[in-house]
Amino acid sequence: MRQIEIEWVQPGITVTADLNEDRNPRLADLLWNELLPYNSLQNHALVSGNHLYHLVPHHQLVYTRAEYKEDRTKSPDGTVFLSQLQHLAVKYGPLSEYLPAAPVGHVVPEDVDALRAAGRACWEAAWNSKQVIEVRVRRKGEEVRNFVLPRTAPVDSPAVQKLVEEIHDEIARVWIDPPQEIVAMHEGRIASRAGSYDQYFSTLVFLNGEVRPLGYSALNGLVTMSRTTDISLADLLRITPMLIRTPAEFLGYTGLNTLWDFTQRVLETLPGVETREQYFALINALALYANVLNTWNLHFFPWRAGADHTYATV
C-alpha cells in the first residue's frame with residue numbers, strides 16, 4: 001500500500017493517507033510518481049462545507065482526466081480527492097456540494113480526529129485570524145528539507161524563456177509568502193481608489209469574481225487545449241487575447257499590477273511564438289500565477305462578513 005503524509009505546519013498536525021489505486025489509478029500514479037513532494041498555501045472551502053483544498057504546483061493535474069468520480073457528500077470523512085482545478089482536497093466533515101469529484105485515497109482511521117482538528121484550525125485562519133498555514137505533502141517516511149517549486153522544461157525561444165522565468169520567479173516569491181499587492185488591496189491601499197463612494201469592499205468582491213475564472217477557466221482551459229486537443233497553434237494564438245485581456249486589465253485597475261504587466265507582456269510575445277511548447281510554457285506560467293493570486297485572495301478576504309448572512313433556522 002502506497003501512503004502519503006499531509007502536514008499542516010503551523011498547527012503542527014500530520015496525517016497519513018492510503019492511496020486507492022483501484023478507482024483512479026491514473027491519478028494515483030500521477031500523484032505518487034510526478035507530483036510529490038510539494039508544499040502549498042492551505043485554503044479552506046468557503047461554500048461546500050468541511051473541506052480542505054490547496055493548489056498543487058504541477059500542470060499535469062489540469063489536463064489529466066479522472067477515471068471515476070463520486071458524489072462527495074456521500075464520501076466518508078478523510079477522503080482525499082484530486083481535481084482538474086489543480087487541487088488536492090480532503091473532506092473532514094459534512095459537505096453540501098454534491099458535484100462529482102475524483103477520490104484517490106483516504107486518511108487512515110486513526111488520524112481522522114487529527115484531520116478534523118486541522119480542518120478547524122484552517123477554518124479559523126480563513127474566517128478570523130488570517131494566519132498563513134503551509135501544507136506539505138510527501139510520500140510516507142520521506143524526509144524533505146527543501147521544497148522547490150517545479151518549472152516547465154526550457155523552450156527554444158530566448159524571448160519566451162526569459163518571460164517564463166520571470167513569471168516563475170515571481171510565483172516562487174509569493175508561493176508561501178503573501179503578495180504585497182494582495183495585502184495592500186485588503187488593507188485599502190489601492191492606487192486607483194477603485195470602489196464607489198470611497199469604500200473598497202465591493203472591489204474585493206470583484207477581485208474575487210475576476211481572478212478565479214481567469215485562472216481556473218480561461219488560462220487553465222487554454223493549457224488543457226494546448227495539451228489535449230488538435231486545435232491549431234494559430235487558433236490558440238487568436239483566441240487567447242479574447243479570453244484573458246479584459247479580466248486581466250480590470251484586475252490591474254483594482255491593484256494587481258504585476259498580473260496585468262505579465263499578461264500584457266505575454267500578449268506582446270504571442271505573435272512571435274512558433275511552437276505549441278512555447279505557447280504552453282507561457283500560458284502555463286501565467287495560469288499558475290493567476291491561480292496562486294486567487295489562493296491568497298481567498299485567504300485574506302473578510303469572510304467574517306458572512307456572520308450577517310446566516311441561513312434561517314429550519
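Small disclaimer: the values here were computed from a predicted structure and weren't measured.

Participant: Break down the pattern of salt bridges for me, with residues and values.
Facilitator: On inspection of all chains with the given rule, the structure shows 22 salt bridges. Between Asp-29 and Arg-2 there is a salt bridge whose closest N-O contact spans 2.7 Å. In this pair, Asp-29 sits in helix α1 (residues 25–35) while Arg-2 sits in the segment before β1 (3–8), placing the two residues 27 residues apart along the sequence. A salt bridge links Glu-187 to Arg-189, with the nearest nitrogen and oxygen atoms 2.6 Å apart.

Participant: Residues and numbers for the packing of aromatic side chains, please.
Facilitator: Taken as a whole, this structure holds 7 aromatic pairs when the rule is applied. Centroid distance Trp-123 to Trp-127: 5.3 Å. Interplanar angle 25 degrees. Geometry classified as stacked. Of this pair, Trp-123 and Trp-127 both sit in helix α3 (residues 112–129), 4 residues apart, roughly one helical turn. For Trp-127, a relative accessible area of 25% corresponds to the partly exposed category. Each ring, one from Phe-206 and one from Phe-250, has its centre 6.3 Å from the other, and the planes form 55 degrees; the classification is tilted. Taken together, the residues span a long stretch of sequence, with Phe-206 in helix α6 (residues 201–228) and Phe-250 in helix α7 (residues 233–254) at a distance of 44 residues. Of the residues examined, Phe-250 reaches a relative accessible area of 26% and is grouped as partly exposed. Site record: aromatic cluster; members linked through ring pairs are Phe-201, Phe-301 and Trp-303. Cation over ring: Arg-139 sits above Trp-32, and NZ or CZ is 5.3 Å from the ring centre.

Participant: Could you give me a rundown of the environment of Arg-116, with the residues and numbers involved?
Facilitator: In this fold, Arg-116 is placed in helix α3. In this structure, the C-alpha to C-alpha distance between Arg-116 and Gly-78, residues 38 residues apart in sequence, is 8.7 Å. When residues no more than four places from it in sequence are discounted, the contact partners of Arg-116 are Asp-77 and Tyr-92. Within polar-contact distance, the side chain of Arg-116 engages the side chain of Asp-77 at 2.9 Å.

Participant: Which residues make up the environment of Ala-285, and what values do they have?
Facilitator: Along the chain, Ala-285 turns up in helix α9 (residues 276–300). With relative accessibility at 0%, the residue Ala-285 sits in the buried group. For the pair formed by Ala-285 and Asp-261, sequence separation is 24 residues and the distance between their alpha carbons is 14 Å. Not counting the four nearest positions on each side in its chain, Ala-285 is found in contact with Val-164, Ile-167, His-168 and Ile-171.

Participant: So, α6: which residues are in play, and what are the values?
Facilitator: Over its 28 residues, α6 runs 39 Å from end to end, which matches the ideal 40 Å to within 8%, given 1.5 Å per residue. Where α6 bends most, at Leu-214, the angle is about 35 degrees.

Participant: Before we move on, can you summarise the nonpolar core with the specific residues and values?
Facilitator: Within the largest apolar cluster, 63 residues are counted, with the highest numbers of intra-cluster contacts made by Leu-214, Leu-256, Leu-259 and Tyr-289. Elements that contribute at least two residues to this core include exactly β4 (49–55), α2 (60–63), α4 (158–174), α5 (180–186), α6, α7, α8 (257–269) and α9. The biggest single contributor to this core is α9, with 16 residues. Aside from chain neighbours lying at most four places away, what touches Leu-259 is Leu-214, Leu-251, Leu-286, Tyr-289, Ala-290 and Leu-293. Of all hydrophobic cores here, the second largest spans 33 residues; its members include Ile-4, Val-56, Val-80 and Ile-133.

About the thresholds
Residues numbered from 1 in each chain as written. Predicted model: local features only at pLDDT ≥ 70, side-chain atom pairs only at ≥ 80, totals over all residues. Heavy atoms only, no water. Salt bridge = Lys/Arg side-chain N within 4 Å of Asp/Glu carboxyl O. Helix = DSSP H or I, 4+ residues; strand = E, 2+ residues; numbered from the N terminus. Phe/Tyr/Trp six-rings, centres within 6.5 Å; stacked < 30°, edge-to-face > 60°. Buried < 20%, exposed > 50% of the residue type's maximum accessible area, 1.4 Å probe, protein only. Lys NZ or Arg CZ within 6 Å of the ring centre and 35° of its normal. Contact = heavy atoms within 4.5 Å. Polar contact = N/O pair within 3.5 Å; in protein donor to acceptor, adjacent residues only side chain to side chain. Expected span 1.5 Å × (residues − 1). Bend = angle between axes of the 7 residues up to and from the residue. Core = buried A, V, L, I, M, F, W, Y, C linked by side-chain atoms within 4.5 Å.

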